[in-house]
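Chain by chain, the residues run as shown.
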Amino acid sequence: MNTVTSMNGTNGVVVENLTVRYGDTVAVDGASFTAPVGEVTAVLGPNGAGKTSTIEVCEGYRTAQAGHVSVLGLDPVTGHREIAPRMGVMLQSGGVYPGARVRDVIAHFCALHDRGMDAGTLVDRVGLSHRAGSTWRRLSGGEQQRVSLALALAARPDVAFLDEPTSGVDVDGRDIIRGIARDLAADGCTVVLASHELAEAERVADNVVMFRAGKVMAHGPLGTVLMQRPVVRFSSVTGIDTIALSAHLGHGVNPRGDGDYEVECAGTPHVVASLTSWLSERSHPLRSLDAGRENLEDAYRRITGGDR
Amino acid sequence: MRRTLLQTRSEVSLVVRNGEQLLLTLVIPVMLLVFFSVVDVLPSGTQEPVDFLLPGIVALAVMSTAMVSLGIATGFERTYTVLKRLGATPLTRGELVTAKMLSVTAVEVLQLAILVPLGLLLGWRTGSGSAVLALPAVLLGTAAFSGIGLSLAGTLRGEINLAAQNGLYLVLLLLGGMVIPMSSLPGPLRAVCEYLPSSALADVLRDSLTGTGNRPGVSWVVLAVWAVLAPVTAARTFRWH
């Protein structure tokens, strides 16, 4: 792994006041955030929020109308020749000729890099040994994503941009992809991952950047973005008597739809015990219980003031 | 250089493994050469059919590879974001373009290695021309047709590019003096078609290989102009992704 002395402190990627426009449409509006070395930074937001445009500027594919971006301490466009040998890119889709065989295309990308990975090892790493002789067009969507990830790893990257890496991937594939993202970060790579799947991102990210309508609404370590809230969330059946439950617990209870509820108090053992006994006495099921920290989806709603 | 050769090998491998590309670059030229040499239906005048045909078929082979095959493959590479993905590797644009040129050249060498011996078997004999001039003619033709193919591939969407390349191939095949003599075309149409790159290439190849060019001086100029204008247009209009 190369040293990070040329980078801006400990950040592999620095985005400052970035603005990207397509004609009159502002895709990215003054975005600023950093992605630390050796950590996974998830860039989150719905489709069209500005994630891919931002990442494409970082990859050197697109020039910004305003602002400044630094990748491994270099400008992504003028420093492209220096960055490319150290960069891994996983596109949102495609990137491979449909008639190309898995083993051939991975071997080709490994060979294009002076310090590229061993192709056989890489095919094994993404769990595609049994499909190595297949052409791209015959792979499932999840398998194609894994090939794309392999191409991003071919360079033994110091910085990796993964655009929607788990989109359309089955459970086993998601485990593999999450594991690879974590391993890359553990090896000192700056991993920037764009996703609209918040639950998936929460499982792998050290840091989050929340986009909405081209603006960064919040960014920072996951633990600081997610609030430690005095709230207990549980899931049961719809239509339980929240007034009676509030009286029993001595705290307000708010329905959140689909059988989900929030109790306005800290999740102490006493509150949890009272809640579960109340549900048990009325034969209501308890499908989930979460006391303390909000999840990423709740945080996104709270911060952006809307649905994702 | 190492990356250029790696990319060239990858490009050639994709062409050789693609049945449609082989049909276009090898099977159709061979079929046309054999059929019209054996079945004497073309108005080739007093010439033996194969003497008229071989230079035209070589021109057709160059057009098939440099324009249609390269153009269709590159167009789909844009559509499938292959070019975009390669752009994030150490392979530079210059190395990629060089690799594509070497790939086209390699396929053309293969085509000539099949067509010329086949022509000899069918009775083709060189005439009073200067055969050595066929080489710069093929190079100019390659530059001209590559420029046209990449101009279309770099601006049109995959399927539209596919249709445009095939449509242009058919028009130039019929009107470009490669298989059907220009003298068979109606006057006004002929006056226009003589300035097509296919007509110019077929004419200079006929002149150099058999000494039967129509107006080789003009054709060399026409071919040279296409060989400059088309690549310049491609370079200015090409969108990588």
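Every residue gets a number counted from 1 within its own chain, in the order that chain's sequence is written. For naming, the first written chain is A and the first written ligand is 1, with later ones following in the order written. Under the rules for a predicted model, residues below a pLDDT of 70 receive no local features and side-chain atom pairs below 80 are neither given nor counted, while totals for whole chains, interfaces and linings still include all residues.

1. A few points about the overall build of chain A
Move 1: Counting its secondary structure elements, chain A contains 11 helices and 13 strands.
Move 2: With respect to the three principal axes, the spread of C-alpha positions in chain A is 70 × 45 × 40 Å.
Move 3: Whether a residue is buried, exposed or partly exposed is read from the other C-beta atoms within 10 Å of its own C-beta, which are placed from the backbone; 20 or more gives buried, 12 or fewer gives exposed, and intermediate counts give partly exposed. When each of the 308 residues of chain A is scored for burial, the buried share is 44%.
Move 4: A residue pair is marked as a contact if its C-beta atoms, positioned from the backbone, fall within 7 Å. Long-range contacts, defined as pairs at least 24 residues apart, comprise 68% of the intrachain contacts of chain A with a sequence gap of at least 6. In this description a helix means any DSSP run of H or I spanning at least four residues, a strand means any run of E spanning at least two, and both kinds are numbered starting from the N terminus.

2. Thoughts on the overall build of chain B
Move 1: Within chain B one finds 10 helices and zero strands.
Move 2: Along chain B, helices and strands appear, N-terminal first, in the series α-α-α-α-α-α-α-α-α-α.
Move 3: The C-alpha atoms of chain B give a radius of gyration of 18 Å, which matches the 18 Å a tight globule of 241 residues would have.
Move 4: Over its C-alpha atoms, taken along the principal directions, chain B stretches across nearly 60 × 35 × 30 Å.
Move 5: Split into buried and exposed, the 241 residues of chain B put 49% on the buried side.
Move 6: Long-range contacts, defined as pairs at least 24 residues apart, comprise 79% of the intrachain contacts of chain B with a sequence gap of at least 6. Just to be clear, the radius of gyration here is over C-alpha atoms, and the globule rule we use is 2.2 Å times residues to the power 0.38.

3. Focus on the packing of helix H9 (residues 197-210) of chain B against helix H10 (residues 216-237) of chain B
All names here are of chain B.
Move 1: Whenever a helix is involved, its axis is fitted only over the stretch in contact; in every case the axis is a line through C-alpha atoms, and angles between N-to-C directions fall within 0 to 180 degrees. With their axes 8 Å apart at the nearest point, H9 and H10 run at an angle of 135° to one another. Classified by the angle their axes make, H9 and H10 are oblique. Judged by the twist between their axes, the crossing of H9 over H10 is left-handed. Along the contact surface, H9 presents Pro197, Ala200, Leu201, Asp203, Val204 and Asp207, while H10 presents Pro216, Ser219, Trp220, Val222, Leu223 and Trp226.
Move 2: In the contact of H9 with H10, the residues fall into nine nonpolar, one polar and two charged. When describing relative orientation, an angle under 35 degrees is termed roughly parallel and one over 145 degrees roughly antiparallel, while 65 to 115 degrees is termed roughly perpendicular and anything else oblique. Crossing handedness is defined as follows: a turn of the near helix away from the far one that is anticlockwise and smaller than a right angle gives a left-handed crossing, while the clockwise case is right-handed. When residue character is reported, Ala, Val, Leu, Ile, Met, Phe, Trp, Tyr, Cys and Pro are called nonpolar, Asp, Glu, Lys and Arg charged, and the others, Gly included, polar.

4. Section: the nonpolar core
Move 1: Joining buried Ala, Val, Leu, Ile, Met, Phe, Trp, Tyr and Cys residues through C-beta atoms within 7 Å gives a set, and that set is a nonpolar core. Ranked by internal contacts, the top residues of the largest apolar core, which has 89 residues, are A:Leu44, A:Ile106, A:Ala150, A:Ala181, A:Val191, A:Leu193 and A:Val208.
Move 2: If one sorts the elements of this core by residue count, helix H3 (residues 102-112) of chain A sits on top with seven residues.
Move 3: Formed by 55 residues, the second largest nonpolar core is a distinct cluster that contains B:Leu54, B:Ile148, B:Val222 and B:Trp226.

5. Focus on the sheet that holds strand S3 (residues 40-44) of chain A
Residues and elements named next belong to chain A.
Move 1: Strand order in this open sheet of six strands is S5-S6-S7-S3-S8-S9, and the pairing throughout is mixed. The sheet is open, and its two borders are formed by strand S5 (87-90) and strand S9 (215-221), each paired with just one other strand. With strand direction ignored, the average angle separating the axes of adjacent strands in the sheet is 10°.
Move 2: If DSSP finds at least two bridges between two strands, the strands pair. In terms of strand pairing, S3 meets strand S7 (residues 190-195) through five bridges, oriented parallel.

6. A word on the sheet that holds strand S2 (residues 25-36) of chain A
All names here are of chain A.
Move 1: Taken together, three strands build an open sheet; the order of strands is S2-S1-S4 and the sheet is antiparallel. The sheet terminates laterally at S2 and strand S4 (66-71), the two strands that pair on one side only. Averaged over all neighbouring strand pairs, the angle between strand axes comes to 15°, with direction disregarded.
Move 2: Here strand S1 (residues 11-22) runs beside S2; their pairing, made up of nine bridges, is antiparallel. Considered in S2, the bridge of Val14 is made with Thr34.
Move 3: Contacting S1, S2 and S4, helix H1 (residues 51-59) crosses the sheet at an angle of about 120° to S1.

7. Structural notes on the confidence of the model for chain A
Move 1: In this model, chain A carries a mean pLDDT of 87, and residues with pLDDT of at least 70 account for 95%.
Move 2: For every residue, the predictor assigns a confidence score, pLDDT, that lies between 0 and 100. In this model residues 1-8 of chain A is a low-confidence stretch, pLDDT under 50, and it forms 16 contacts with partners more than four residues away in sequence or in other chains.

8. Examining the pairing of S9(A)
Residue and element names in this part refer to chain A.
Move 1: When strand S8 (residues 207-212) meets S9, the two strands line up antiparallel, connected through six bridges. Considered in S9, the bridge of Val209 is made with His219.
Move 2: Here S8 folds back onto S9, and the loop between the two strands holds two residues, one of which, Ala213, carries a positive phi near 50°.

9. Overview of the interface of chain B and chain A
Interface size is often expressed as the accessible area that is lost when the parts come together.
Move 1: Taken residue by residue, the interface counts 17 residues in chain B and 20 residues in chain A.
Move 2: The biggest single contributor to the side of chain B that touches chain A is helix H1 (residues 2-16) of chain B, with four residues.
Move 3: Considered class by class, the residues forming the side of chain B that touches chain A number seven nonpolar, five polar and five charged.

10. Describing the environment of B:Thr4
Move 1: Note on placement: B:Thr4 falls in helix H1.
Move 2: Residues B:Thr4 and B:Lys100, 96 residues apart in the sequence, show an inter-C-alpha distance of 9.1 Å.

11. A few points about helix H5 (residues 141-153) of chain A
Move 1: Look at H5(A): 19 Å from first C-alpha to last across 13 residues, which is about the 18 Å you get at 1.5 Å a residue.
Move 2: For H5(A), a buried count of 11 out of 13 residues is recorded, marking the element as mostly surrounded by other parts of the structure.
Move 3: Buried residues of H5(A): A:Glu143, A:Gln144, A:Gln145, A:Arg146, A:Val147, A:Ser148, A:Leu149, A:Ala150, A:Leu151, A:Ala152 and A:Leu153, and no others.
Move 4: Where H5(A) is buried, its residues touch S5, H3, helix H4 (119-125), strand S6 (159-163) and helix H6 (171-186) of chain A together with helix H4 (82-86) of chain B. Multiplying 1.5 Å by the helix residue count minus one yields the expected span of that helix.

12. Remarks on unusual backbone geometry
All names here are of chain A.
Move 1: Its identity as a non-glycine residue notwithstanding, Asn17 has a phi of 50°, on the positive side.
Move 2: Inspection of the secondary structure assignment puts Asn17 in strand S1.
Move 3: Among the residues examined, Asn17 registers 13 C-beta atoms within 10 Å and is labelled partly exposed.

13. Examining the environment of B:Thr89
All names here are of chain B.
Move 1: Within the secondary structure layout, Thr89 lies in the loop between H4 and helix H5 (93-121).
Move 2: For Thr89, a count of 24 C-beta atoms within 10 Å puts it in the buried group.
Move 3: Separated by 10 residues in the primary sequence, Thr89 and Ala99 place their C-alpha atoms 15 Å from one another.

14. Some thoughts on the confidence of the model for chain B
Atomic detail in the predicted coordinates should be set aside for any region of low pLDDT.
Residues and elements named next belong to chain B.
Move 1: Looking at chain B as a whole, its pLDDT mean stands at 88, while 97% of the residues score no less than 70.
Move 2: Of all the helices and strands in chain B, helix H8 (residues 187-193) carries the lowest mean pLDDT, 86, while helix H6 (residues 134-153) carries the highest, 93.
Move 3: With pTM at 0.78, the complex prediction returns an ipTM value of 0.77.

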